[in-house]
2 protein chains.
Amino acid sequence: MTTPDKGKTPDNLAETRRTLPIALLRAREAVMERFRPLLAAHDISEQQWRVMRVLLEAGESDATQLSRLANVLAPSLTRMLRTLEARGFTTLRKDPGDARRALITLTDAGRGFIRTLAPESAAIYAAIEARLGRDRIDHILDELDFLLQSLAEAS
Amino acid sequence: MTTPDKGKTPDNLAETRRTLPIALLRAREAVMERFRPLLAAHDISEQQWRVMRVLLEAGESDATQLSRLANVLAPSLTRMLRTLEARGFTTLRKDPGDARRALITLTDAGRGFIRTLAPESAAIYAAIEARLGRDRIDHILDELDFLLQSLAEAS
DNA sequence: GCGAATAAATTAACATGTTAAGTAAATCAG
DNA sequence: CTGATTTACTTAACATGTTAATTTATTCGC
């Protein structure tokens, strides 16, 4: 009835190498490894960079939306925004229509900072594309999107 | 000469949704979301579970190897092993041939703990497989493996 | 052999991940 | 309109990520 236990341990757990959580983690680490020197050179963390990139794309956002878009938990975001605001990259104001919400904006300095790193970042990404091929990367992105959609559907 | 800027921001950065680091992160979060309740119920972190799974597969390992296989940094591993050892799941001894190395082993209790969670873990994975299809998951794993291999080759 | 270089693990310090609890504002039921 | 619930964000506490410095042991050059 059930499929054979090929690649399974005695406890019916798949080989770690062939599980989505670990394979996704390892793949991501392999990619990020190439970006870390750039981020470190400009004294910005991976997460801060992600938040700023998302802000550039989405424009002024409330914390909940930003948290979701950048895949950063709300408590982490609260702390990070203190750092980013101290550096002059973001500002925060109360939503005039709903005093609970905090609206976050990228400052001109923040946009300028992204513009500074953009060429090198694009070059690193291009180097990765050169290894895999743009089509292959697009295919992988499509597959990951499919995974996301499949798991998002109501159970 | 260059490809058109479809899906690029004014700074030639790809849309965040279509970048490997963010897509991989989001995909992984979507998967892990389903495992977290199980891990939380047994008071074990994702990383601790990963280390134990790797230990089960690889057998006694030194810290460097374990760190690499489980994608956990050495300082994190040092701290985690204190917790795991206190719970009686792992033991640590000096390598008799090289006193710098620490050899880590899974105890019987550690193996028993994995055996306890294995059925539920396998069930969660099976539910994910039911949504995506085993073939599609295998394909995704192959693609991730290809990505890993491509980036690992000497530059 | 011996000192310099290298390697393995740990410690330290700070940022982020993660869950739970707390605070303040908006919404809902009656 | 008012008390209870819900929502948005923050704070707290602890684990892990991350880099740098430290410690101890091994290896290399001579």
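The model shown is predicted, which means the values in this text are computed figures rather than measured ones.

Asker: Where do I start with the protein's contact with DNA strand C in this structure?
Answerer: Neighbouring DNA strand C are 24 residues; Ser 76 and Ala 99 of chain A together with Asp 62, Thr 64 and Pro 75 of chain B lie closest to it. Among the elements of the structure, α2 (46–58), α4 (74–86) and β3 (98–106) of chain A together with α1 (20–41), α3 (63–69), α4 (74–86) and β3 (98–106) of chain B are those that each provide at least two residues to the surface near DNA strand C. A total of five residues in the surface near DNA strand C trace back to one element, the largest contributor, which is α4 of chain A.

Asker: I tried to follow the nonpolar core on my own but got confused; where do I start?
Answerer: Looking at soluble globular proteins, one finds that nonpolar side chains tend to be buried together. Residues Leu 24 and Ala 27 of chain A together with Leu 24 and Ala 27 of chain B are the most contacted members of the largest nonpolar core, which totals 22 residues. Counting only elements with at least two residues in this core, the list comes to α1 (20–41) and α6 (134–152) of chain A together with α1 and α6 (134–152) of chain B. Once residues lying within four places of it in the same chain are set aside, the contact partners of Ala 27 of chain A are Leu 24, Leu 144, Leu 147 and Leu 148 of chain B. Formed by 20 residues, the second largest nonpolar core is a distinct cluster that contains Met 52, Leu 69, Leu 81 and Ile 114 of chain B.

Asker: Can you walk me through α4 of chain B in this structure?
Answerer: Because an α-helix packs 3.6 residues into every turn, residues spaced three or four apart end up facing the same way. Residue and element names in this part refer to chain B. Over its 13 residues, α4 extends 18 Å from the first C-alpha to the last, a length consistent with the 18 Å expected when each residue adds 1.5 Å. Those residues of α4 that fall on the buried side of the exposure criterion are Leu 77, Met 80, Leu 81 and Leu 84. For α4, the secondary structure elements touched by its buried residues are α2 (46–58), α3, β2 (90–95) and β3. In the stretch just after α4, Gly 88 is the one whose phi turns positive, near 80 degrees.

Asker: Just to check I follow, could you spell out the relation of the copies chain A and chain B for this structure?
Answerer: Mapping chain A onto chain B is achieved by rotating through 180 degrees and translating by 0.0 Å along the same axis, at an RMSD of 0.0 Å. On the angle and the small slide along the axis, the relation comes out as a two-fold axis. When each C-alpha of chain A is compared by its distance to the rotation axis, Leu 24 of chain A comes out closest, at 3.1 Å. Of the interface residues in chain A, 100% have counterparts in chain B that sit at the interface too, so the contact is made through matching surfaces.

Asker: What should I look at first to understand the pairing of β3 of chain A in this one?
Answerer: Two faces, one strand: in a regular strand the side chains alternate between the faces of the sheet. Residue and element names in this part refer to chain A. Direction of pairing for strand β1 (residues 61–62) relative to β3: antiparallel, over a ladder of two bridges. Opposite Asp 62, over in β3, you have Leu 103 as the bridge partner. Sheet topology note: the strand β2 (residues 90–95)/β3 ladder contains six bridges and is antiparallel. Each residue of the ladder has a partner; that of Asp 95, found in β3, is Asp 98.

Conventions adopted
- What you see as residue numbers is a count from 1 along each chain, following the sequence as written.
- Lettering for chains starts from A, numbering for ligands starts from 1, and both go in the order in which the items are written.
- For a predicted model such as this one, the threshold for reporting local features is a pLDDT of at least 70, and the threshold for listing and counting side-chain atom pairs is 80 or more; totals across whole chains, interfaces and linings nevertheless cover every residue.
- For each residue, a C-beta atom is placed from the backbone, and the residue is labelled near a molecule or strand when this atom is within 6 Å of it.
- In this description a helix means any DSSP run of H or I spanning at least four residues, a strand means any run of E spanning at least two, and both kinds are numbered starting from the N terminus.
- In plain words, the nonpolar core is the set of buried Ala, Val, Leu, Ile, Met, Phe, Trp, Tyr and Cys residues that C-beta atoms within 7 Å link up.
- Between the buried cut of 20 or more and the exposed cut of 12 or fewer other C-beta atoms within 10 Å of a residue's own C-beta lies the partly exposed class, and all C-beta atoms are placed from the backbone.
- For every residue pair, C-beta atoms are placed from the backbone, and the pair is scored as a contact if these atoms sit within 7 Å.
- For a helix, the expected span equals 1.5 Å multiplied by the number of residues minus one.
- A residue counts toward the fit only if its pLDDT is at least 70 in both copies, and the copies are then superposed by least squares on the C-alpha atoms of those residues.
- DSSP-based pairing: two strands are paired if at least 2 bridges between them are found.

These results come straight from atomic positions and should not be treated as a statement about function.
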